[in-house]
Amino acid sequence: MNIGEIAKRAGVSRSTVSYALSGKRPVSEETRRKIQQVVDELGYRPSASARALANGRTSTIGLVFPPAGNHYTGMQLDFIGSVVEAAAAYDYDVLLSPSGVDSDRSFQRLLGERRVDGAILMEIRLEDDRVDHLAELDFPSVAIGRTAHPERGWWVGLDHTALAAACVHHLADLGHRRVAFVNRPEQLLRAGYESAHRGLDGFTKAAAERGLTVRTYCCGDDAASGQACVEQILRDDPATTALVTLNEAALGGLYRGLARAGRHVPRDFSVTGVVAGRWAETVTPQLTAADVPAEEMGRRAVDLLVERLDHSDAPPRHHLLTPPISLRASTGPAGVTPTADAGSGTTP
């Protein structure tokens, strides 16, 4: 079924059918109703390419989201789901591109072939050539995350600096003096991922402010790496009584490593971090954490992108979110470990 057949049955020209369906030119109400009746009888649906030619829109949003290592983590999948759901409310489809850098073929096809009307970028780096390239092209885009210079951009961000610091202060208030920090994988830190850098910055500054002895670790995005990381923490400083993590994918392994070391959570060891609430509640005991509002961030990003698409001259807008710590069951007063001492300071 095509426009020609609709025009024949409605007794009008092909161009009249095209104008009625696209709204690009006025058509009398009587003619429009006649065409719509034929469309409904035939169950006609214009193809995406035909709609794009007619109105200059694909009704598709690109989600540029590189996986963490060889797979998407649970939190990343939550973000993907939130964007898809929010886009559907505006009648937009979502095309996923796993591009991490501007030179990726997938990213270039997304732009060069105009497959999408706009793009949402994730896993933002402090210096991100994808963000820079889209800004140079004036291509509508919104980032979930912030570059080092976010002043003129459209973005939705999480204040990892403030959230990591809040975790430190929570532990210090409970009397913990020796605390470890479990970050994202080393390759992401080297690549400049903003969440890893800003979280580390917030942790180290708050620890120095409270006079804590701390060690920082990079950890792979999987349970086995989490267990190995805990084993390393306890080897390096058996007197450690708490940790802060940004790595929800390693969370199950962190708990398993503590259990195998005979450290009961939270009696002997406290765990907190910046993790999506759904994942914080899957471990036992449930994790006291600054809950990442993945659904809200995805929705806000789509809202901003649609605003950009509908109002090309709108000034840049952004949202910086700082959710409170949700007190659950994984933190408690610092216990006395056999090798604990009274010293304090900062370990690089």
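In what follows, the structure referred to is the one given above.
The shown structure was predicted, so the numbers you read here are calculated from the model rather than taken from an experiment.

Asker: Mind laying out helix H1 (residues 3-10), listing which residues take part and the relevant values?
Answerer: Listed in full, the buried residues belonging to H1 are Ile6, Ala7 and Ala10. Angular distribution of buried residues about the axis of H1 spans 100°; they occupy a single face of the element. Every exposed residue of H1 that faces more than 90 degrees away from the buried side is listed here: Lys8 and Arg9. After H1 finishes, the residue Gly11 shows a positive phi value of roughly 70°.

Asker: Tell me about the packing of aromatic side chains, and please be specific about residues and values.
Answerer: In this structure the tally under the stated criterion is two aromatic pairs. When the ring of Phe181 is compared with that of Phe203, the centres are 4.7 Å apart and the planes differ by 25°; the resulting orientation is stacked. Highlighted residues: Phe181 in strand S6 (residues 178-183) and Phe203 in helix H10 (residues 194-210), separated in sequence by 22 residues. Accessibility assignment for this pair places Phe181 and Phe203 in one class, buried.

Asker: Describe the pairing of strand S11 (residues 318-321), naming the residues involved and giving the relevant values.
Answerer: Of the two faces of S11, only the one carrying His319 and Leu321 is buried; His318 and Leu320 on the other face are not. With four bridges joining them, strand S5 (residues 155-158) and S11 adopt parallel strand pairing. Note on S11: the bridge partner recorded for Trp155 is His318.

Asker: Please give an account of the nonpolar core that cites residues and values.
Answerer: Core analysis: the biggest nonpolar cluster contains 48 residues, and Phe79, Ile120, Val179, Phe203, Val292, Met297 and Val302 have the highest contact counts within it. When we break this core down by domain, the ones giving at least three residues each are domain 2 (60-158 + 294-323) and domain 3 (160-293 + 327-344). Setting aside anything within four residues of it in sequence, one finds Phe79 in contact with Phe65, Met122, Ile144, Val292, Ala294 and Met297. Residues Val182, Tyr217, Leu243 and Ala250 belong to the second largest nonpolar core, which totals 22 residues.

Asker: Before we move on, can you summarise the sheet that holds strand S4 (residues 141-144) with the specific residues and values?
Answerer: Here six strands make up an open sheet; going across it, the order is S2-S1-S3-S4-S5-S11 and the pairing parallel. Every interior strand has two partners, whereas the edge strands, strand S2 (93-97) and S11, have only one. Ignoring strand direction, the axes of neighbouring strands in this sheet form an average angle of 15°. Taken together, the two bridges between S4 and S5 define a ladder with parallel strand orientation. Each bridged residue has a counterpart across the sheet, and for Ala143 the counterpart in S5 is Trp155. Contacts from helix H6 (residues 105-112) reach strand S1 (60-64), S2 and strand S3 (118-121) within the one sheet, and its direction differs from that of S2 by about 145°.

Asker: So what's going on with unusual backbone geometry? Which residues, and what values?
Answerer: Negative phi is the rule for most residues except glycine; trans is the rule for most peptide bonds. At the junction of Val265 and Pro266, the peptide bond is cis and its omega measures out at 5° in the coordinates. For Pro266, the position within the fold is in the loop between helix H12 (251-260) and strand S9 (270-276). The omega torsion across Thr284 and Pro285 is 0°, close enough to zero to call that bond cis. Relative to the helices and strands, Pro285 resides in the loop between helix H13 (277-280) and strand S10 (288-292). In the Ramachandran plot, Asp91 falls in the positive-phi region, its phi being about 65° despite a non-glycine side chain. The topology assignment puts Asp91 in the loop between helix H5 (74-89) and S2. With a phi angle near 55°, Asp138 is a residue other than glycine that sits in the positive phi range. Of note, Asp138 is situated in the loop between helix H7 (129-137) and S4. Residue classification places Asp138 among the exposed residues on the basis of a relative accessible area of 57%.

The rules behind the values
- Residues numbered from 1 in each chain as written.
- Predicted model: local features only at pLDDT ≥ 70, side-chain atom pairs only at ≥ 80, totals over all residues.
- Heavy atoms only, no water.
- Buried < 20%, exposed > 50% of the residue type's maximum accessible area, 1.4 Å probe, protein only.
- Helix = DSSP H or I, 4+ residues; strand = E, 2+ residues; numbered from the N terminus.
- Arc of directions from axis to C-beta.
- Phe/Tyr/Trp six-rings, centres within 6.5 Å; stacked < 30°, edge-to-face > 60°.
- Pairing = 2+ DSSP bridges.
- Core = buried A, V, L, I, M, F, W, Y, C linked by side-chain atoms within 4.5 Å.
- Domains from an automatic or database assignment.
- Contact = heavy atoms within 4.5 Å.
- Axes fitted to C-alpha atoms, helices over the stretch in contact; angles between N-to-C directions.

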